Amino acid sequence: MRLPLPSAAASAAVAVTAAVAAALAVLPGPAVAADTPAASSFTISDPRIKESSGLAASRIHPGVYWTHNDSDDGPYIYAVDSATGRTVARVTLTGIGKPRDVEAISLGPDGQLYVGDIGDNRGGTWDHVWIYRFPEPKQLGDVTVKAAQFTVKYADGARNAEALMVHPVTGRVYIASKDENKGGLYEGPAELSAGGTNVFRRVADVPWVTDGAFSPDGTRLTLRGYFMARTYPWKDGLPVGEGERVDAPWQGQAESVTYTPDGATLMFGAEGEGSRVIAVPVAAAAPSASPQPGSPSGAAPAVEPTGSFGKGALVLAGGLVLVFGAKRLLRRRRP
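(A) Local environment of the sheet that holds strand E3 (residues 64-67). In spatial order, the strands read E2-E3-E4-E5-E9; together these five strands make up an open sheet with mixed pairing. Two strands bound the open sheet, and with one partner strand each, they are strand E2 (56-57) and strand E9 (143-146). By the bridge criterion, four bridges tie E3 to strand E4 (residues 76-81) in an arrangement that is antiparallel. Its bridge partner being in E4, Thr67 is matched across the sheet by Tyr78.

Quick look at the structure:
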């Protein structure tokens with residue numbers, strides 16, 4: 001997000017940004033399995049996409065990824081061709097109110113895209129947020145579509161959130177809240193209703209999460225944050241055990257993740273103009289200990305950075321905490 005900072009805090013941000021750039025220059029990229037063809041990394045070239053905050057892989061347009069800006073952009077969804085990094089469609093949504101803080105996008109088994117206007121710049125005080133839904137366009141190109149709008153509330157009170165995931169088999173929608181201490185995974189109703197409030201109920205604890213995605217077969221849930229990424233087995237509507245660490249790339253303002261349609265690759269994205277979407281083969285995930293019989297579902301895992309991601313996190317965590325802390329203290333309140 002683009003937030004105003006006083007000059008001292010801005011100077012600190014500049015210094016940390018320089019440190020980030022210097023550290024990243026010497027860090028190796030994520031390990032890639034030699035026998036995995038899969039998808040390739042790409043750079044988003046559209047200058048209109050400055051705060052890419054969500055990713056969803058198209059099922060009907062091979063190599064195309066849907067994304068959107070964080071806020072202050074309007075009701076727009078972009079389709080980016082991973083072969084060129086260029087935008088091949090911009091969808092303008094009608095039939096909805098003015099978006100406040102769009103943070104996530106996911107493709108459901110019904111062939112519809114679900115857009116999560118679920119962020120809360122006021123620290124989790126909005127009494128409701130929204131989900132927008134519209135059919136994935138069969139033809140690529142600039143188009144205007146009418147979307148359904150769903151009002152969402154949480155059973156245990158307002159939350160800030162950046163991750164929305166639609167299960168690819170059941171079609172049920174999940175939201176993961178973003179919290180420094182203990183986030184939660186929230187389950188929506190079996191079917192969303194446009195005529196009333198959709199209450200999401202907490203079903204598991206999760207760490208600090210900025211996005212998440214189900215595997216195409218619905219058997220795994222991957223969650224990412226600034227300093228972690230983990231994949232959990234998914235069983236009976238819940239994440240199981242502590243999951244496994246994923247060798248995610250270090251991306252600073254790490255905001256998005258999605259699976260490729262074949263489930264062989266995770267695509268990790270970040271905010272920023274000309275941002276890079278990095279492909280990580282699923283085989284590159286480092287397995288952790290199997291959950292013990294009787295262990296509670298959805299237990300919050302320890303944050304254990306690994307690979308190049310971990311080195312970057314250890315070098316830069318202190319500086320980023322200072323900057324994000326300054327932003328949090330000085331964030332302006334949006335009406």
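Now that the structure has been shown, we can carry on.
(B) Local environment of the packing of aromatic side chains. Using the criterion set out here, one finds seven aromatic pairs in the structure. Both rings, one in Tyr154 and one in Tyr186, keep their centres 5.0 Å apart while their planes meet at 65°; by these two values the pair is edge-to-face. Of this pair, Tyr154 sits in strand E10 (residues 148-154) while Tyr186 is found in strand E13 (residues 183-187), placing the two residues 32 residues apart along the sequence. Among the residues examined, Tyr154 registers a relative accessible area of 9% and is labelled buried.

(C) Highlighting the sheet that holds strand E22 (residues 276-281). Pairing is antiparallel across the open sheet formed by four strands, whose spatial order is E1-E22-E21-E20. Taken across any chain shown, the strands that pair with only one partner, and hence form the sheet edges, are strand E1 (42-43) and strand E20 (254-259). By the bridge criterion, five bridges tie E20 to strand E21 (residues 265-270) in an arrangement that is antiparallel. If you follow Tyr259 over to E21, its bridge partner there is Leu266.

(D) The arrangement of the confidence of the model for the protein chain in detail. Averaged over all residues, the pLDDT of the protein chain is 79; the fraction at 70 or higher stands at 73%. The low-confidence segment residues 285-335, where pLDDT is below 50, has 98 contacts with residues more than four positions distant or belonging to other chains.

(E) Fine view of the nonpolar core. Among the nonpolar cores identified, the biggest contains 19 residues, and Trp66, Ile77, Leu93 and Phe134 are the most heavily contacted of them. With 16 residues, the next largest nonpolar core counts Tyr114, Phe150, Ile175 and Tyr186 among its residues.

(F) Local environment of the pattern of salt bridges. Taken as a whole and assessed by the stated rule, the structure comprises six salt bridges. The partner of Glu162 in a salt bridge is Lys178, with the nearest N and O atoms 2.9 Å apart. One end of the pair, Glu162, is in strand E11 (residues 161-166); the other, Lys178, is in the loop between strand E12 (173-177) and E13, with 16 residues separating them in the sequence. Glu162 sits in the buried class, given a relative accessible area of 3%. The closest approach of N and O atoms between Asp205 and Lys182, which form a salt bridge, is 3.8 Å. Here Asp205 is found in strand E14 (residues 197-206), whereas its partner Lys182 is found in the loop between E12 and E13, with 23 residues between them in sequence.

(G) Fine view of the pairing of E10. For strand E8 (residues 129-135) and E10, the ladder comprises five bridges, and the chain directions are antiparallel. Its bridge partner lying in E10, Tyr132 is registered against Gln149.

(H) View of the pairing of E4. Burial within E4 is extensive, with five of its six residues counted as buried. Two strands pair when backbone bridges link them, and E4 and strand E5 (residues 87-94) are joined in this way by five bridges, in the antiparallel orientation. Counterpart to Tyr78 in the pairing with E5 is Arg90. Following E4, the chain reverses through five residues before pairing antiparallel with E5; Gly85 in that reversal takes a positive phi of roughly 80°.

(I) Molecular detail of the side chain of Ser52. Relative to the assigned elements, Ser52 resides in the loop between E1 and E2. Given a relative accessible area of 1%, Ser52 falls into the buried group. Separated by 2.7 Å, the side chains of Ser52 and Thr67 make a polar contact. Aside from chain neighbours lying at most four places away, what touches Ser52 is Ile44, Thr67, His68, Asn69, Glu255, Ala270, Glu271 and Ser275.

Parameters and conventions
- Residues numbered from 1 in each chain as written.
- Predicted model: local features only at pLDDT ≥ 70, side-chain atom pairs only at ≥ 80, totals over all residues.
- Heavy atoms only, no water.
- Pairing = 2+ DSSP bridges.
- Helix = DSSP H or I, 4+ residues; strand = E, 2+ residues; numbered from the N terminus.
- Phe/Tyr/Trp six-rings, centres within 6.5 Å; stacked < 30°, edge-to-face > 60°.
- Buried < 20%, exposed > 50% of the residue type's maximum accessible area, 1.4 Å probe, protein only.
- pLDDT = per-residue confidence, 0-100.
- Contact = heavy atoms within 4.5 Å.
- Core = buried A, V, L, I, M, F, W, Y, C linked by side-chain atoms within 4.5 Å.
- Salt bridge = Lys/Arg side-chain N within 4 Å of Asp/Glu carboxyl O.
- Polar contact = N/O pair within 3.5 Å; in protein donor to acceptor, adjacent residues only side chain to side chain.

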